[in-house]
Structure formats: C-alpha cells, structure tokens
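Residue-level listing of the chains:
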Amino acid sequence: MRFLGFIIVCLTGALLLYGTGEFPDWGDPNSPASIHLSDHYIEKAVEETQVPNLVTAVLADYRGFDTMFETAVVFCAGLACFLLLRDFSQKKERFYRHTPTGVILHVKDSKKILKVGKEFEHMDKDWVPSDLIIKTVCRILIPFIQIYAMYVVAHGDFSPGGGFQGGVIFGSSLILLAISYDLKTLVRRVKEKVFGIFAALGVLIYVGIGVICMFMGGNFLDYSRLAPLVPGDPHHIRALGMLGVEIGVGIAVTAAMAIIYINIVSEGRHDEGL
Amino acid sequence: MTDLLPLIVAKYNYWLYVILMMIGLYAMIAKNNLIKKLVGMNIFQTAIILFYVSIGYKTDATIPIIQNAHGGQGAHSAAIHAADYINPLPHVLMLTAIVVSVATFGVAMALAVRIYQRYQTLEEDELRMRLADIGPEK
C-alpha cells in the first residue's frame, strides 16, 4: 500500500512538473492571471469604491457574494463542531478545591447535587498550580491583542487587514486566555450561548446589510444604496458598507474559532481543557 | 539532464509547490494515523495557497494597496498603473481558501475526536480491525 502510494505520488508529481513548463515565469507581469480582470481592479477600484486596499475592495465588494458564503462556511464549521462533540452529560467524577487551604474534595457520585460556596472552585482532574509568570504575562498581553484585532478589522479598508484576519486574532486571544488560565475561566467569562449568538450575529450582519441594500432599491450588497441612511460624505458609502460587512465577518470568525477550540479541546464537555 | 536544469531554475517556484503538494498527498495516502493524514491535507492546501499567490506576483510591483489614496482628494492626482501593483485577485481567493482550510480542519478534528471516543484509536488498520470485529454496530 505504501509502495503503491509512493508510485501514485511520483506519477502525479511528474505529470504536474511536466505541466509547469507551460506556466508563466516567476514575476512575469504579463502572466495570464494578471492581464484580464486584475488590471480593471487595480486601475478602477479606488475610483469606484474609494477603498485603497484592493484586496478588501475585491473581497467585500466585487466578490461580496462569495465572501458572504465564506462566512457562512465558517459558521457551519462551528455549528458542525458543536453538533458532533457537545456532550451535556455530567462527568462521573468532580473535583473541588478549597481555595484558602488547598484541600481537594473528590466527588465520586455524579448524581449527587453538591452546592459549593465561593471559597470552593471546580477544578480539573490533573490540576497543577498555575504558573504566576505565564498568567501575568498573558493577562497583560490579551487586551493589547484584542485592541490590535479591532484595529486590523477597522483598518481593513486602508491597510493590510480585514474581517477574517482580525477575527482570527481576536479568537486567538480568547484561546490564549483558555490556555494560560484554564478552559473554565474562558467559559465562565463568555458563556457558550454568547459565542453561538455572536457566530450567528456576524452572518446576520453581513446578510442584513445586503438585504437593506435590496430594500433601498438596489441589488443585493450594492452598498451605494445605503447613502441616504448614513450621514457623511456619500462618496465613502461603499467603504463604509465594506467596513460593516467586515465587522460582521470578524464577529462570526471570532465566535466560530472559540466554539471550535472549546469543543475540540474538552471533547464537548466544556470542563477541562489542555 | 543538461536541458532539465535551466527549466528547473526558470520555474523553481512551481517545482517547490509541486514537491510540497506531493509530500501532502503522500501523507494522505500512505500514513496510518488519521491526524497525520490531516497534517498531510494541510500541507497540500498550503502548497496550493503558495501556488496561487506566486501567480499574482509581478516583478518590481508592490502590495495591492494604492499609495496616496487616503483622504479622497489625492486619489486621482496620479494615474494608477496596473504594472505597479501585484494582482489582488489570487490574494482574495486564497484569503477565503485559508478560512475554508481552518473550517475543514476544525470539523475534521472534531470527527477524529469522535472516532477516538468510540474506538479508542486513530490508527487506520486498528480501526479497520475493530470495525470488522464489531460489524455494523447498534
């Protein structure tokens, strides 16, 4: 099997390498990919959309429909992880730690309902005292990472960035919180329900902007129709529409990242992480 | 061999991507562990992403962000030449492809976790043995 696979790989690779002979040279300005549509994008995008970052202009305006379903794909991935893994049954054993003394309670009967005060904390089975340096550094870093993520989303029109990138950075800050403290800290601060609602809300913002454009008498996602609704310079209305769409993308990606991480790392029980 | 070398040098980027792609394909075909297969899939996707981005590259061109276009009034002062900026379209396509790869990887990991919960293994041959032992379960 292994040998057969190697032969298949070699044959496919040789075929592909043979095909590269016909490909344009590295950095050729007249390669077929760069002479048809891309010239129009480069020369006319600023005039038509007022957005200097061409990647954002193409992503959110010229190819806005594609990006909308891309966001839906991310939402569906989060949903699929939730549906595949989420396990609402209680774990058999539970551990509580008395914070002032460090005494650990081991509850073996899962059916027994145990009400504990604030001086006890529900803890992981293989708990180790958390490292002060890691906790402190991450606590200082996380707000800055989140502000940077918002900057990346908000400046997606003018500098490298956008909704997907900013959303991933924001989601990684939440994952950093879960790794440096523990998963319960993240789940306690941001409820599972909130993540679910935000993932749906992001897609809804995107679709909603498109539908509002239709109600204003234009095509789906034709941002120029939003001009009467937004005060300010009507020339920038396409840039503002793209910003709104990118914010929706950012929210959806953040929430989907967090849902995927939490469900995979705790096998759907939301109790113990890495 | 003598005429092969200039061909490789002229198109070395494509050779690198094809080699990377084949590493991923080999991992997907020949590896026994499901997680290693997933890693192979990710390598494969990365090769395709690099391939697309390299197609959009132009010599002596800068990133596709129009210079001096901030503020509106300066936008039309100078004509924009397509040769000065690299092709934005592959970047857009690959931006969304990266997102799809993250989404597929997340779902694949979730499936792997479910498989492990049920069969206590991620090795393909052991899985096949267990499936043959149990038969269609429940």
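About the cut-offs
- Residues numbered from 1 in each chain as written.
- Chains lettered and ligands numbered in written order.
- Predicted model: local features only at pLDDT ≥ 70, side-chain atom pairs only at ≥ 80, totals over all residues.
- Heavy atoms only, no water.
- Helix = DSSP H or I, 4+ residues; strand = E, 2+ residues; numbered from the N terminus.
- Buried < 20%, exposed > 50% of the residue type's maximum accessible area, 1.4 Å probe, protein only.
- Phe/Tyr/Trp six-rings, centres within 6.5 Å; stacked < 30°, edge-to-face > 60°.
- Expected span 1.5 Å × (residues − 1).
- Contact = heavy atoms within 4.5 Å.
- Polar contact = N/O pair within 3.5 Å; in protein donor to acceptor, adjacent residues only side chain to side chain.
- Salt bridge = Lys/Arg side-chain N within 4 Å of Asp/Glu carboxyl O.
- Buried area = accessible area lost by both parts, 1.4 Å probe.
- Nonpolar A, V, L, I, M, F, W, Y, C, P; charged D, E, K, R; others polar.
- Patch = residues over 30% accessible without salt bridge, like charges linked within 9 Å, V, L, I, M, F, W, Y side chains within 5 Å.
- Areas by Shrake-Rupley, 256 points an atom, 1.4 Å probe, with all protein chains shown as cover.

What to know about the overall build of chain B
Per the secondary structure count, chain B includes five helices and zero strands. Listed N to C, the secondary structure of chain B is α-α-α-α-α in terms of helices and strands. Taken across its 138 residues, chain B has 41% of its residues classed as buried.

Structural notes on the packing of aromatic side chains
This model, assessed by the stated rule, comprises 11 aromatic pairs over all chains. With centroids separated by 5.0 Å and ring planes inclined at 55°, the aromatic side chains of Phe23(A) and Tyr14(B) adopt a geometry described as tilted. Note that Phe23(A) is positioned in the loop between helix H1 (2-20) and helix H2 (37-49) and Tyr14(B) in helix H2 (residues 12-30), a pairing that runs across two chains. Given a relative accessible area of 30%, Phe23(A) falls into the partly exposed group. Residue Tyr14(B) is classed as buried on the basis of its relative accessible area, which comes to 3%. Among the aromatic residues, those joined into a ring-pair cluster are Phe23(A), Tyr14(B), Phe51(B) and Tyr52(B).

Section: helix H3 (residues 34-55) of chain B
Residue and element names in this part refer to chain B. For H3, spanning 22 residues, the distance from its first C-alpha to its last is 32 Å, which sits close to the expected 32 Å at 1.5 Å a residue. Those residues of H3 that sit buried are Leu34, Lys37, Leu38, Gly40, Gln45, Ala47, Ile49, Phe51, Ser54 and Ile55. Along its buried surface, H3 packs onto H2, helix H4 (88-119) and helix H5 (124-134). Two or three places before Ile35, at the opening of H3, Asn33 has a side-chain oxygen 2.8 Å from that residue's backbone nitrogen.

Some remarks on the pattern of salt bridges
Two side chains that carry opposite charge are able to pair once their charged atoms sit near each other. Per the stated rule, a full pass over the model turns up nine salt bridges over all chains. A salt bridge links Glu124(B) to Arg128(B); the nearest nitrogen and oxygen atoms lie 3.9 Å apart. Taken together, the positions of Glu124(B) and Arg128(B), both in helix H5 and four residues apart, correspond to about one turn of that helix. By sharing partners, the salt bridges in this structure join Asp61(A), Asp222(A), Arg225(A) and Arg238(A) into a single network.

Thoughts on the interface of chain A and chain B
On the chain B side, the residues contacting the 53 residues of chain A number 53 residues. Roughly 5000 Å² of surface becomes buried between chain A and chain B when both sides are summed, with 75% attributable to carbon and sulfur atoms. Our count for the chain A to chain B interface comes out at one salt bridge. The salt bridge involving Asp25(A) is made with Lys11(B); its shortest N-O contact spans 3.0 Å. Elements with a minimum of two residues in the side of chain A that touches chain B: H1, H2, helix H3 (54-62), helix H4 (64-85), helix H6 (163-180) and helix H9 (237-265) of chain A. Considering every element that reaches the side of chain A that touches chain B, the biggest residue donor is H1(A), with 10 residues. Of the residues in the side of chain A that touches chain B, the class split is 32 nonpolar, 12 polar and nine charged.

Things to note about a nonpolar patch on the surface
Residues and elements named next belong to chain A. Side chains of Val194, Ile197, Phe198, Leu201 and Leu204 sit close together on the surface and give an oily, nonpolar patch of about 430 Å² of accessible area. With respect to the element layout, Phe198 can be found in helix H8 (residues 192-215). For Phe198, a relative accessible area of 39% gives the class partly exposed.

What about the environment of Lys184(A)?
Residue and element names in this part refer to chain A. Summarising the element assignment, Lys184 is placed in helix H7 (residues 183-189). Given the relative accessible area of 12%, Lys184 is considered buried. Sequence separation between Lys184 and Asp271 is 87 residues; the distance between their C-alpha atoms is 6.1 Å.

Function cannot be read off these values alone, since they describe shape.
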